[in-house]
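# Examination of the molecular architecture
Now for the letters of each chain:
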Amino acid sequence: MRVIIKDEAQDVAEWAAGYVAYKINRFRPTAFKPFVLGLPTGSTPLGMYAELIKLYRAGKVSFENVITFNMDEYIGLAPAHPQSYHYFMHENFFNHINIKPDNIHILDGMTKDYAKECANYEKAIAKVGGIHLFIGGVGEDGHIAFNEPFSSLSSRTRVKTLTESTIKANARFFDNDLSQVPTRALTVGVGTIMDAEEVMILVTGYKKADALKHGVEGAISHVWTISELQRHPHGIIVCDKAATEKLENSTIEYFLDIEKSRF
């Protein structure tokens with residue numbers, strides 16, 4: 001596992017965006033050999049999306065031959081709903097780059113057949129040959145996507161009931177009205193994410209310090225689903241200093257030293 005420690009959340013955003021652009025450009029995607037990117041929603045990746053838009057506008061990266069798969073979507077929210085992840089992704093990223101609409105994949109929260117929708121999502125990922133780089137954030141309780149504590153580490157795309165802590169955390173997007181927050185979502189599984197060639201998790205702020213500690217120093221456990229990243233051959237965590245507050249000093253020094261000697 002690589003742990004990139006930056007000073008501030010903005011530095012995390014810039015590093016992550018630069019890395020995404022680097023991976024796309026190095027791959028040299030074409031219509032017949034697209035680069036496949038897994039994407040998150042939430043407040044943490046907003047800075048990364050803003051930086052990627054800047055890079056696109058500066059001509060430093062193109063999304064013309066990039067295929068995307070988002071992590072999750074609320075059940076019961078139509079794509080046009082301001083708090084749906086369809087809306088979030090288009091407003092904050094897709095509308096500002098040159099990605100082809102047919103290359104965008106987001107789970108349908110309005111489907112009447114959840115099992116079929118989830119199975120088809122897995123099939124769509126497999127059809128394009130899998131995901132090259134899956135990016136995610138992490139919840140305060142260590143969940144990635146909507147894989148709450150005690151989710152199977154081999155789980156696939158499925159329906160997930162959200163915990164009270166996640167509902168409360170997301171209430172800020174619904175005018176702090178808990179009754180408006182969906183209680184279920186469609187989400188890729190931990191196994192789905194870990195199937196990607198590379199996984200990059202963004203962690204910012206002191207509130208995520210417990211999650212980061214369990215993800216880096218803790219035992220692999222379905223209580224903290226981020227910990228499964230330890231078993232990925234190409235796992236990266238990009239975090240700010242605030243998120244490292246609960247890591248051992250020796251851990252921080254180790255990863256800072258490793259990065260200094262990489263180039």
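First, a word on scope: everything that follows refers to the structure included in this document. (Residues numbered from 1 in each chain as written. Predicted model: local features only at pLDDT ≥ 70, side-chain atom pairs only at ≥ 80, totals over all residues. Heavy atoms only, no water.)

## So, the sheet that holds strand β4 (residues 72-74)
Here is the rule we go by: For two strands to be treated as a pair, DSSP must find at least two bridges joining them. By definition, any uninterrupted DSSP run of H or I lasting at least four residues is a helix, any uninterrupted run of E lasting at least two residues is a strand, and each is numbered from the N terminus. Note on definitions: angles span 0 to 180 degrees between N-to-C directions of axes, and those axes are lines fitted to C-alpha atoms, for helices only across the stretch in contact. Whether two residues touch is decided by their heavy atoms; if any such pair falls within 4.5 Å, the residues are in contact.
As summarised here, the arrangement of the 3 strands in space is β4-β8-β7, forming an open sheet in which the pairing is antiparallel. In the strand order of this sheet, the two ends are held by β4 and β7 (158-161), each with one partner. Between one strand axis and the next, the sheet turns by 30° as a mean value, whatever way the strands run. Of the strand pairs in this sheet, β7 and strand β8 (residues 184-187) are connected by 4 bridges, and their pairing is antiparallel. Bridged to Val 159 within β8 is Leu 186. The strands touched by helix α4 (residues 114-127) are β7 and β8; relative to β8, the strand with the most contacts, the crossing angle is about 30°.

## Concerning the side chain of His 143
How we decide: Throughout, exposure labels follow a simple rule: accessible area from a 1.4 Å probe, protein chains only, divided by the maximum for the residue type, with under 20% read as buried, over 50% as exposed, and the rest as partly exposed. Any pair of nitrogen or oxygen atoms within 3.5 Å is treated as a polar contact; in protein, a donor-acceptor pairing is required on top of that, and neighbouring residues in sequence qualify only through side-chain atoms on both sides.
Checked against the element boundaries, His 143 lands in the loop between β6 (133-136) and β7. On the basis of relative accessible area, His 143 is assigned to the buried category, the value being 12%. Side chain to side chain, His 143 and Glu 148 meet in a polar contact 3.3 Å long. When residues no more than four places from it in sequence are discounted, the contact partners of His 143 are Gly 137, Val 138, Glu 148, Pro 149, Thr 166 and Thr 225.

## Re the pattern of salt bridges
Here is the rule we go by: Each salt bridge in this description consists of a side-chain nitrogen of Lys or Arg and a carboxyl oxygen of Asp or Glu lying within 4 Å of one another.
The full count for this structure, using the stated rule, is 11 salt bridges. Between Arg 2 and Glu 259 there is a salt bridge, with the nearest N and O atoms lying 2.9 Å from each other. Of this pair, Arg 2 sits in strand β1 (residues 2-6) while Glu 259 sits in helix α8 (residues 249-260), and the two are 257 residues apart along the sequence. A relative accessible area of 14% means that Arg 2 is categorised as buried. It is possible to trace a salt-bridge network through shared partners that takes in Glu 122, Arg 156 and Asp 195.

## Things to note about the nonpolar core
Using the following cut-off: Buried Ala, Val, Leu, Ile, Met, Phe, Trp, Tyr and Cys residues form a nonpolar core when they are joined through side-chain atoms within 4.5 Å.
In this structure, Val 20, Met 48, Phe 63, Phe 93, Phe 94, Ile 135 and Met 200 are the most contacted members of the largest nonpolar core, which totals 42 residues. When contributions to this core are tallied by element, the ones reaching two or more residues are α1 (9-27), β2 (35-39), α2 (46-57), α3 (85-92), β6, β9 (198-203) and β10 (235-240). Not counting chain neighbours up to four residues away, the residues in contact with Ile 135 comprise Val 20, Leu 37, Gly 38, Leu 39, Pro 40, Met 48, Met 71, Met 200 and Leu 202. Ile 67, Tyr 121, Ile 125 and Leu 247 belong to the second largest nonpolar core, which has 38 residues in total.

## Quick notes on the side chain of Thr 166
Within the secondary structure, Thr 166 sits in helix α5 (residues 164-170). A distance of 3.1 Å separates a polar atom in the side chain of Thr 166 from a polar atom in the side chain of Thr 163. In contact with Thr 166, other than residues within four places in its own chain, are Asp 141, His 143, Phe 146 and Glu 148.

## Here we look at the packing of α2 against α3
In plain terms, the rule: Here roughly perpendicular refers to angles of 65 to 115 degrees, roughly parallel to angles under 35, roughly antiparallel to angles over 145, and oblique to all remaining angles. The classification used treats Ala, Val, Leu, Ile, Met, Phe, Trp, Tyr, Cys and Pro as nonpolar, Asp, Glu, Lys and Arg as charged, and all other residues, Gly among them, as polar.
Between α2 and α3, the least distance of the axes is 10 Å, while the angle of their chain directions is 40°. In terms of orientation, α2 and α3 fall into the oblique class. Contact residues: Leu 46, Tyr 49 and Ile 53 in α2; Phe 88, Met 89 and Asn 92 in α3. For the contact of α2 with α3, the residue count by class is 5 nonpolar, 1 polar and no charged.

Geometric values such as these leave the question of function open.
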